[in-house]
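What follows is each chain in one-letter form.
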Amino acid sequence: APAPPPAGHLFSDPAEIEALRRNLLAWYDKCKRDLPWRTLAATETDADRRAYAVWVSEIMLQQTQVATVIDYYDRWMQKWPTLQALAQASLEEVNELWAGLGYYSRGKRLQEAARKVVSELAGQMPRTAEDLQKLLPGVGRYTAGAIASISYGQATGVVDGNVIRVLCRLRCIGADSSSPAVIDRLWDMANALVDRSRPGDFNQALMELGATMCVPKAPLCGECPVKQHCRARSRKLFGKPAPVPDVEDCGVGGCPLCPPAAEPWDSSLGVTNFPRKAAKKQPRAVRTATCVLERRGCHGAPEYLIVQRPSSGLLAGLWEFPSLPLAQGLQEEKQREALAGHLQAWTGRPVAARSLQLIGEVVHIFSHIHQTYVVYSLPLDGDVTLDHALSPSRWVTEEEFNASAVSTAMKKVL
């Protein structure tokens, strides 16, 4: 059986927990940012509509900065103000609005879940974190906790990247914060801390603290509303860990939550010693040949051929210029030949490799892939009959291209 968590890393004093809640909520009431999803959640009297507004924001905010999300969120809620409206939308419409936001499967799962609520749950959102996570595709433990606490008042904690950072600093947790064992302890802590009368506000306050003050680098410790509870700050100020209920529980014999012995406290880093993270895997390098096929449209403006990606996998269902993954180390001449053969299927006629004009390379970094597009151009004379037995394809003007569900990488290519 796993060892019990060391007492020194926990919040065990009820008076301290209550003081932390009070100080954090007072700071949040005074200093919280004015964000559109908070405004909607605060003014919407119907709990399910409030839950939908929170849900959309939480899905968009996964792996994406607030400043980027605001415009997408406003346009989404104008287009689909209710869950029922989203359920009636097409995946193509969802992808078009989501284009440029990244991690495109998020929008697809959000729509799938909306349809499930309408078709299988009589239009009623699940009201507990447990049911939200169990019944809705794409809703994980964090998103479920956020919706349930903010929209339905369930006293359940949340743990996201910001909360991990705050809790690890508050209690000097220096083990790998991505490990399942540490994540479980952080969830236990979040559930113990959450304010029972204002769970949604408390969770948002904890996340707000991590986003605006307890930031990864150069945190504003002097202004922090819970600085008196922060063991990392005490250690920085006094050069040693803050007193703990039983010092023998911590730092001796391989404490599972302390920094590993091979990575001792670095006094120059102060509180930013925490959290410790495992080394990131290097993204794998992928090279893809892509060709911008161009023709003159009926009004003389250039038109470009775009084709739809498969319905699963990376960038599922989005549109792109005809593209072909390249083997590692393939010479440029062989690249042309391979791409020419691939294009023949789209044009319905032979394509000479020498007719492809090499334009240059576009690099785009996905979370796990370092993608290089080798970009070619091919002007076409006369009409081209598209083979609809292949993946869907169509000719678009530049304006239509930019309004389509295309990735940021393809916009770079054009």
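Just so we're clear, the structure is a prediction, and the values are computed from it rather than from any experiment.

**Re the pattern of salt bridges**
What the rule picks out here adds up to 18 salt bridges. One salt bridge in this structure joins Glu44 and Arg49, with 3.3 Å as the shortest N-O distance. Relative accessible area serves as the criterion here: at 39%, Arg49 is assigned to the partly exposed category. The closest approach of N and O atoms between Glu337 and Lys334, which form a salt bridge, is 3.8 Å. Of the two residues, Glu337 and Lys334 are both situated in helix α14 (residues 332-347); the distance of three residues between them amounts to about one turn of the helix.

**Things to note about the environment of Val139**
Assignment of secondary structure puts Val139 in the loop between α8 (129-135) and α9 (141-152). Exposure remark for Val139: the relative accessible area of 5% places this residue in the buried category. Considering only alpha carbons, one finds Val139 and Asp188, 49 residues apart in sequence, at a separation of 20 Å.

**So, helix α6 (residues 91-98)**
Those residues of α6 that sit buried are Val94, Asn95, Leu97 and Trp98. An end-on view of α6 places all buried positions within 165° of arc, on one side of the element. Buried positions along α6 lie against α3 (47-61), α4 (66-79), α5 (83-87) and α7 (105-120). Directly beyond the C-terminal end of α6, a positive phi value near 100° is found at Gly100.

**A short note on the packing of aromatic side chains**
If you walk through the whole model with that rule in mind, you get five aromatic pairs. Taking 5.2 Å as the distance between ring centres and 80° as the angle between the ring planes, the aromatic pair formed by Trp37 and Tyr73 counts as edge-to-face. With Trp37 in helix α2 (residues 36-43) and Tyr73 in helix α4, this residue pair connects regions lying 36 residues apart in the sequence. Through successive ring pairs, a cluster of aromatic residues spans Trp76, Trp80 and Trp98. Sitting over the face of the ring of Tyr72, Arg75 holds its NZ or CZ atom 4.8 Å from the ring centroid. Sitting over the ring of Phe11, Arg171 keeps its end group 3.7 Å from the ring centre.

Here is what the cut-offs are and how they apply
- Residues numbered from 1 in each chain as written.
- Predicted model: local features only at pLDDT ≥ 70, side-chain atom pairs only at ≥ 80, totals over all residues.
- Heavy atoms only, no water.
- Salt bridge = Lys/Arg side-chain N within 4 Å of Asp/Glu carboxyl O.
- Buried < 20%, exposed > 50% of the residue type's maximum accessible area, 1.4 Å probe, protein only.
- Helix = DSSP H or I, 4+ residues; strand = E, 2+ residues; numbered from the N terminus.
- Arc of directions from axis to C-beta.
- Contact = heavy atoms within 4.5 Å.
- Phe/Tyr/Trp six-rings, centres within 6.5 Å; stacked < 30°, edge-to-face > 60°.
- Lys NZ or Arg CZ within 6 Å of the ring centre and 35° of its normal.

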